[in-house]
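Each chain, written out:
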Amino acid sequence: MRIPRSRSDFEHLVPGGRDGRRMLWVSFTDKAGSGLWYGTSALYYTFVAGLAPHEIGLLLGVSGAVGVAGTPLAGRVADRVPLTRLLPAVHALRAAAAVGILFTGTLWLLLPIAALGSLGDRSASVLTKLYAARVAGPDRVRYQALQRTVVNIGFGIGGLAAAVALAVGTGTAYRTMLVGDAFSFAGAALLVLRCAEPPSPVRVVATAATAGGEPPLSKAPATGPWRDRGYLAYTATEALLFLDDTALNVGLPLWIATATAAPHSLVALLFVLNNVLVVLFQVRLSRLGDEPRRAAASLPLLGLAFLVAGGAMAVSAVDSAGIAVVALVVAATAFTAAEIVHAAISWELSLALAPGRSQGAYLGVHGLAQSAQRSAGPVLLTSAVMAAGPLGWLGLGGALAAVSVGQRTLVRRRLDRLDARERPGAAAPQAPAVPSGAVTVSGVDYGE
């Protein structure tokens with residue numbers, strides 16, 4: 001990644017102009033606050049709210065399940081409501097939930113408050129991604145890589161502050177982290193309000209059609225992601241390929257603690273390694289997904305990373321601390337490589353395979369893949385993969401490599417059909433006339 005040496009150099013590096021840069025600050029502010037809370041939430045519920053472990057499990061499980069609905073709901077609404085109004089409202093909901101948690105110590109009151117906060121978290125994620133896609137235009141992959149870099153920096157800073165709170169260990173320290181989380185969401189909302197609304201395919205084409213004397217596109221039936229079998233199949237494979245997240249954050253720490261001779265302190269060092277690698281290489285490797293066919297061609301690299309990670313995790317179970325440490329470093333590096341490559345590929349394909357006028361709804365459905373993985377992934381890893389020992393990790397690596405290859409086939413077939421529709425002689429979809437110079441968006445059904 002080329003390091004900017006001046007303000008003008010930085011402005012040239014970031015797509016989307018002033019609003020693109022402001023949204024990077026939104027992401028940084030948001031995730032710095034999230035880093036404060038994620039690092040202390042379990043202990044806050046234990047020592048401040050006074051919940052028992054099984055109550056904390058119920059609270060996190062219910063709120064996580066409610067949060068799953070945030071991505072499709074927010075994506076669908078975003079096709080109808082300006083993002084610069086919807087996203088601040090979602091951040092305000094998150095801030096209100098944080099304040100509600102601060103003044104509540106009863107499980108049955110915490111349940112709806114935490115659920116609303118989780119709904120806001122998942123909604124904010126898909127809305128921020130959609131804004132980035134619209135404001136950066138053809139440079140959306142590079143913008144997303146920059147955004148992921150900023151997100152990791154924000155999480156890292158928030159995590160360091162959370163570590164201080166954990167070292168202090170007082171109720172006041174934990175409450176301060178929660179207050180900081182609430183202020184970060186309020187700050188993010190204010191920053192979004194200063195951003196201009198990016199062009200939306202729905203509004204651009206509808207306006208152009210109205211100017212040409214045709215009925216607005218927004219009144220025509222839009223493509224529905226829930227009826228699009230091809231996109232649903234793609235999303236299902238995505239839920240599996242997002243398992244690198246659970247493998248790093250759940251599988252790796254538990255495996256180190258229960259099945260290897262490596263010191264437990266290695267867990268923190270591997271998390272630092274993950275953040276550093278993402279910051280260093282996410283932008284560099286964004287070129288792997290800078291157009292749909294290149295993204296599809298890069299999927300075998302993702303499969304290779306999963307194979308290496310699974311094999312290294314299996315080797316780490318040997319009865320040697322030195323070998324275990326080396327193998328775990330290799331595994332963490334490979335899982336991080338999978339994270340980086342998949343981020344670039346998934347970002348491009350989730351948008352390229354969706355019709356423009358239903359982009360928000362499709363992106364919301366795609367967001368379910370990550371939500372589903374976060375809900376089911378820990379259960380899969382602990383009850384199946386880790387229970388099977390080293391062979392379980394080998395099986396996981398091989399299975400995810402096979403899913404990567406299968407997804408490449410699925411994506412190529414879908415892109416071939418789209419290309420065929422654009423070739424001369426192909427049946428053209430009925431669409432309103434658009435005046436010269438207006439941006440056009442295909443209204444065809446991309447279903448399989």
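Computed from a predicted structure; not experimentally measured. (Residues numbered from 1 in each chain as written. Predicted model: local features only at pLDDT ≥ 70, side-chain atom pairs only at ≥ 80, totals over all residues. Heavy atoms only, no water.)

Asks: Looking at this structure, how should I read the overall build of the chain?
Replies: Secondary structure summary: the chain contains 18 helices and zero strands in total. Out of the 448 residues in the chain, the part that is buried amounts to 51%. Restricting to contacts in the chain with at least 6 residues of sequence separation, those with at least 24 account for 83%. Carbon and sulfur atoms make up 66% of the accessible area of the chain, which amounts to about 19400 Å² in all. (Helix = DSSP H or I, 4+ residues; strand = E, 2+ residues; numbered from the N terminus. Buried < 20%, exposed > 50% of the residue type's maximum accessible area, 1.4 Å probe, protein only. Contact = heavy atoms within 4.5 Å. Areas by Shrake-Rupley, 256 points an atom, 1.4 Å probe, with all protein chains shown as cover.)

Asks: Can you help me understand the nonpolar core in this one?
Replies: It is characteristic of soluble globular proteins that their nonpolar side chains tend to be buried jointly. By size, the foremost hydrophobic cluster in this structure holds 47 residues, and its most contacted members are Leu-252, Ile-256, Met-313, Leu-328, Phe-335, Trp-393 and Val-411. Put simply, the parts of the chain that give this core at least two residues each are α11 (229-241), α12 (243-259), α13 (266-281), α14 (292-297), α15 (299-315), α16 (321-352), α17 (359-385) and α18 (390-422). Considering each element in turn, this core owes the most residues, ten residues, to α16. Each residue touching Trp-393, except ones within four places of it in the same chain, is listed here: Gly-251, Trp-255, Gly-310, Met-313, Ala-314, Phe-335, Leu-381, Val-385 and Met-386. (Core = buried A, V, L, I, M, F, W, Y, C linked by side-chain atoms within 4.5 Å.)

Asks: When you look at the confidence of the model for the chain in this model, what are you seeing that I'm missing?
Replies: Detail in the predicted coordinates should be disregarded across regions flagged by low pLDDT. Of all residues in the chain, 85% have pLDDT values of 70 or greater, and the mean over the chain is 82. Averaged over each element, pLDDT in the chain is lowest for helix α10 (residues 201-211) (43) and highest for α15 (97). Here residues 203-221 is a poorly scored stretch, pLDDT under 50, and it has 33 contacts once near neighbours within four places are set aside; other chains count. Per-residue pLDDT stays below 50 along residues 424-448; that stretch engages in 48 contacts with residues further than four places along the chain or on separate chains. (pLDDT = per-residue confidence, 0-100.)

Asks: Please clarify how helix α8 (residues 140-168) should be interpreted in this entry.
Replies: Helical geometry: 3.6 residues make up each α-helical turn, so side chains three or four residues apart lie on a common side. With 29 residues, α8 extends 42 Å from end C-alpha to end C-alpha; this agrees with the ideal 42 Å at 1.5 Å per step. Of the residues flanking the end of α8, it is Gly-169, one or two places downstream, whose phi is positive at about 75°. (Expected span 1.5 Å × (residues − 1).)

Asks: What is the right way to read the packing of helix α6 (residues 83-102) against helix α9 (residues 171-193) from this model?
Replies: Relative orientation and spacing of two packed helices are given, respectively, by the angle between their axes and the distance between those axes. Where α6 meets α9, the closest approach of the two axes is 8 Å, and the angle between their N-to-C directions is 165°. Accordingly, the angle class assigned to the pair α6 and α9 is roughly antiparallel. Between α6 and α9 lies a crossing of left-handed hand. Each of Leu-83, Thr-84, Arg-85, Leu-87, Pro-88, His-91, Arg-94, Ala-95, Ala-98, Val-99, Ile-101 and Leu-102 in α6 lies in contact with α9, whose residues at this interface are Arg-175, Leu-178, Val-179, Asp-181, Ala-182, Phe-185, Ala-186, Ala-188, Ala-189, Val-192 and Leu-193. Its residues assigned to classes, the contact of α6 with α9 comprises 17 nonpolar, two polar and four charged. (Axes fitted to C-alpha atoms, helices over the stretch in contact; angles between N-to-C directions. Parallel < 35°, antiparallel > 145°, perpendicular 65-115°, else oblique. Left-handed = near helix turned anticlockwise from the far one by under 90°. Nonpolar A, V, L, I, M, F, W, Y, C, P; charged D, E, K, R; others polar.)

Asks: What should I look at first to understand the packing of aromatic side chains in this one?
Replies: By the definition in use, this model includes eight aromatic pairs. Between Phe-335 and Trp-393 the ring centres are 6.4 Å apart and the planes differ by 65°, which places this aromatic pair in the edge-to-face class. Here Trp-393 lies in helix α18 and Phe-335 lies in helix α16, a separation of 58 residues in the sequence. Take Phe-335 and Trp-393: they sit in the same class, and that class is buried. By the ring-pair criterion, three or more aromatic residues cluster together here, those being Trp-37, Tyr-44 and Tyr-45. (Phe/Tyr/Trp six-rings, centres within 6.5 Å; stacked < 30°, edge-to-face > 60°.)

Asks: Sorry if this is basic, but what is going on with the packing of α12 against α16 here?
Replies: One can describe the packing of α12 onto α16 by two numbers: an axis separation of 9 Å at closest approach and a directional angle of 165°. In terms of axis orientation, α12 runs roughly antiparallel to α16. In this structure, α12 crosses over α16, and the sense of that crossing is left-handed. Contacts between α12 and α16 involve Asp-244, Ala-247, Leu-248, Leu-252, Trp-255 and Ile-256 from the former and Leu-328, Ala-332, Phe-335, Thr-336, Ala-338, Glu-339 and His-342 from the latter. A breakdown of the residues in the contact of α12 with α16 according to their chemical character gives nine nonpolar, two polar and two charged.

Asks: Explain the side chain of Thr-246 here, please?
Replies: Here Thr-246 is to be found in helix α12. When sequence neighbours within four positions are dropped, the list of residues in contact with Thr-246 reads Gly-251, Gln-373, Gly-377, Pro-378 and Leu-381.

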